[in-house]
Amino acid sequence: MAENSVLTSTTGRTSLADSSIFDSKVTELSKENLLIGSTSYVEEEMPQIETRVILVQEAGKQEELIKALKTIKIMEVPVIKIKESCPGKSDEKLIKSVINMDIKVGFVKMESVEEFEGLDSPEFENVFVVTDFQDSVFNDLYKADCRVIGPPVVLNCSQKGEPLPFSCRPLYCTSMMNLVLCFTGFRKKEELVRLVTLVHHMGGVIRKDFNSKVTHLVANCTQGEKFRVAVSLGTPIMKPEWIYKAWERRNEQDFCAAVDDFRNEFKVPPFQDCILSFLGFSDEEKTNMEEMTEMQGGKYLPLGDERCTHLVVEENIVKDLPFEPSKKLYVVKQEWFWGSIQMDARAGETMYLYEKANTPELKKSVSMLSLNTPNSNRKRRRLKETLAQLSRETDVSPFPPRKRPSAEHSLSIGSLLDISNTPESSINYGDTPKSCTKSSKNSTPVPSKQSARWQVAKELYQTESNYVNILATVIQLFQVPLEEEGQRGGPILAPEEIKTIFGSIPDIFDVHTKIKDDLEDLIVNWDESKSIGDIFLKYSKDLVKTYPPFVNFFEMSKETIIKCEKQKPRFHAFLKINQAKPECGRQSLVELLIRPVQRLPSVALLLNDLKKHTADENPDKSTLEKAIGSLKEVMTHINEDKRKTEAQKQIFDVVYEVDGCPANLLSSHRSLVQRVETISLGEHPCDRGEQVTLFLFNDCLEIARKRHKVIGTFRSPHGQTRPPASLKHIHLMPLSQIKKVLDIRETEDCHNAFALLVRPPTEQANVLLSFQMTSDELPKENWLKMLCRHVANTICKADAENLIYTADPESFEVNTKDMDSTLSRASRAIKKTSKKVTRAFSFSKTPKRALRRALMTSHSSVEGRSPSSNDKHVMSRLSSTSSLAGIPSPSLVSLPSFFERRSHTLSRSTTHLI
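Small disclaimer: the values here were computed from a predicted structure and weren't measured.

Definitions and cut-offs
- Residues numbered from 1 in each chain as written.
- Predicted model: local features only at pLDDT ≥ 70, side-chain atom pairs only at ≥ 80, totals over all residues.
- Heavy atoms only, no water.
- Pairing = 2+ DSSP bridges.
- Helix = DSSP H or I, 4+ residues; strand = E, 2+ residues; numbered from the N terminus.
- Contact = heavy atoms within 4.5 Å.
- Axes fitted to C-alpha atoms, helices over the stretch in contact; angles between N-to-C directions.
- Buried < 20%, exposed > 50% of the residue type's maximum accessible area, 1.4 Å probe, protein only.
- Polar contact = N/O pair within 3.5 Å; in protein donor to acceptor, adjacent residues only side chain to side chain.

Colleague: Describe the sheet that holds strand S11 (residues 275-279), with residues and values.
Modeller: With parallel pairing, the four strands of this open sheet are ordered in space as S12-S11-S13-S14. On the outer flanks of this sheet lie strand S12 (299-300) and strand S14 (330-333), each paired with one strand and no other. In the sheet, S11 pairs with S12 via two bridges, with the strands oriented parallel. In the strand pairing of S12, isoleucine 275 is matched with lysine 299. Each of S11, S12 and strand S13 (310-313) touches helix H10 (residues 283-295); the most contacted strand, S11, lies at about 170° to it. Contacting S11, S13 and S14, helix H11 (residues 334-342) crosses the sheet at an angle of about 80° to S14.

Colleague: A description of the side chain of glutamine 587 should follow, citing residues and the corresponding values.
Modeller: You can see glutamine 587 is positioned in the loop between helix H22 (569-579) and helix H23 (589-593). On the basis of relative accessible area, glutamine 587 is assigned to the buried category, the value being 16%. Only 3.0 Å separates the side chain of glutamine 587 from the side chain of arginine 595, close enough to count as a polar contact.

Colleague: Tell me about the sheet that holds strand S1 (residues 50-56), residues and numbers included.
Modeller: The four strands lie next to each other as S4-S1-S5-S6, forming an open sheet whose pairing is parallel. One side of each edge strand has no neighbouring strand; the edge strands of this open sheet are strand S4 (108-110) and strand S6 (148-149). Sheet topology places S1 next to strand S5 (residues 124-129); six bridges connect them, and they run parallel. Among the inter-strand pairings, valine 53 is bridged to a residue of S5, identified as valine 127.

Colleague: Help me get a handle on the side chain of glutamate 464, residues and values and all.
Modeller: With respect to the helices and strands, the residue glutamate 464 is situated in helix H16 (residues 452-483). For glutamate 464, the side chain forms a polar contact with the side chain of histidine 512, separated by 2.5 Å. In terms of polar contacts, glutamate 464 uses its side chain to reach the side chain of arginine 599, at 2.6 Å. In contact with glutamate 464, not counting residues within four places along its chain, are His512, Ile515, Lys516, Leu519, Arg599 and Val603.

Colleague: Describe the environment of serine 775, naming the residues involved and giving the relevant values.
Modeller: With respect to the secondary-structure elements, serine 775 resides in the loop between strand S24 (767-773) and helix H26 (780-794). On the basis of relative accessibility, which here comes to 26%, the residue serine 775 falls in the partly exposed class. The spatial distance from the C-alpha of serine 775 to the C-alpha of threonine 678 is 7.8 Å, given a sequence separation of 97 residues. With residues up to four places along the chain from it excluded, the contact list for serine 775 reads Glu677 and Asn752. Reaching out from serine 775, the side chain makes a polar contact with the backbone nitrogen of glutamate 777 at a distance of 3.3 Å.

What follows is the structure in structure tokens.
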């Protein structure tokens, strides 16, 4: 066969220096750089050859592999040109193109290396399929420059309908295909050679120098230029174990080493090789940061330990270090700590170094800034050089250092109360809504005589302006960065989580920006006759649209923030960084998001105050009354909508908790009224002693029992896991089927018991459902009155009290004695075992009624004639099954006979009830 695996350039110089680590003759050329020749050119330059696949040893015994080969009809074949070199040097080979050729010759099996000489022929382009790349046969084929692939390549090509690929190196699988890797920090050549070889076997490409085409950096340390550049570009930084584990899964079909779930297990944590200590933090903050350090792959030691590599300082508290740090110790601000966690990689320390407020460099720069001769070129040059030296950054870091906030461009707690502050002057982060970029007046003209009405109007505008600023902070400082594409380390939150947290905040912001602008124009051009009420009437419909979606789901938004902060360290770090900024005024994101919930009531109070200071003859008096009424309608609508939303959420919780819950339980007019935990005292709706949960809705009663065995967990499409259903559906009963509610008197043998007299539409007799309440939180009397009230509403009766009937437990054979005794528990266990044994030996899944009809039919037919051999066989099978069960099967109990027995008892006790 032609030596098509040795590829060198025309100059004899390798194009990839990293490949020369273990083979100076091997050069890798991507298919994009190959000179693609025409078919006629190929026919002129090389003789016609045949393609052939050779199965080596164990590969020839795999039926799945042979079956896959029969479906592959094409393989990629390199076209090679031989270039003569200088005397004394070997000829060079250059790939001119890679073409697809039909596989016309059937596969061949090879058992030993000795057969190779007979198969190696220049007339064939041979591809050897080898199952073990560590075997001696593979080594012999590799030394002979043969084209070798693994079984996963064949199976993958067969599955996708692709030709057998060409590779200049042995290719076992394609789990790293299209990945470009670079290595850093490896000192042992043997380890690096092993890793490079495995990457090539999985279809990956190696680069010695780091560039923008590198998809993954495999690092053995967290230092060096490659590591810094990878962090700045957001390139995933992987441990060497990533390659080893990917190689262990080489035989898995459709496995890709770059998928997030697999790759994230082997990413280099931010604080690997770092030993941290902390200064200036409270005990709670310090404990939290120490836990985060361990979670992110680092260690921590007490302050002053010489083994520490980093000292994290709270720069707002610490004015001076208690000791002189060594030259090897990085003294950094806390922003370095949280920034590293947020971007999931160790940030550059240079931009976050802690500096004392009275350092000589700073004193020098301040003194030079106050030079008295600014026209001096020499002094100006020195000033420029000094400032450049102070601002020089020698390291690459994705996070800019936090600048000292100026009085003009910051939004502190005090500035929140200043009506002259605008969103664009306080925040400049990312894309902002249109109204955010609108400037407001720097000052508000004051009338010569300030009336009480003007004072209230000014306060209304001032609070509205502050509110808009807060909404702008939420959007620009939190929402926009979280939604930003191309985040270092990947997205911090999923899009669904971002939507849940912020909801309709941008819509609320747009509406209130318009209100603020209208109020601003009114204040600037103040006149006592100007109408403030018209402004709120104008936007009342917009308020109805925007507020309910946010207010109704605020609790869910709050829970999502708390959950993500606990489960996602990067989000926790993101909040720490942004909440420490002056724009937030030392408030958390949850505290900022509660402002929309509080805003409308405060506006209503201010409008009421404004109405008091408005003269009766002023036209705005009646307009303000209408505006206050519209705001109350908005708040009423919000409260009603919130109540409905919470009711629907409760129904969904029931559906998730009850396995097999009917889908028709979900209804827009239905709401959950009460949940009651009980124990069944009779044979209905389930066995005596079973734990039963009753869900009372406004028109129906869901009856569910506790599951004996919980299976698995539920995973939503968004990847969120729910706890497994703990209850099993028994019956969804309309309240109209409840004829009477029995309050069982308290006796020595009966406590906290009640019963329901039910008439199912499919039965001729009444059915008694008896229960014992197990919780004392809800008194039995209150529960029964609540139940009767909703039953009366359902059947359109006003006398709900007439549905309750007080009865003695003996009349209905109800008692709660020994419900928790050992004997009672043993009896329930025997019943469960009986059912399991009966089901285990049931030869068919025949329904109970059908089985009874079959038995009755067979019995009537047997009475008129002698049983045949077939009848005897069937009867013998039934009798043997019953004998194997050992006890009568509950599934064969005659339900009509049960109702008949119960009906005689109920007829005597309930004659005067019906």
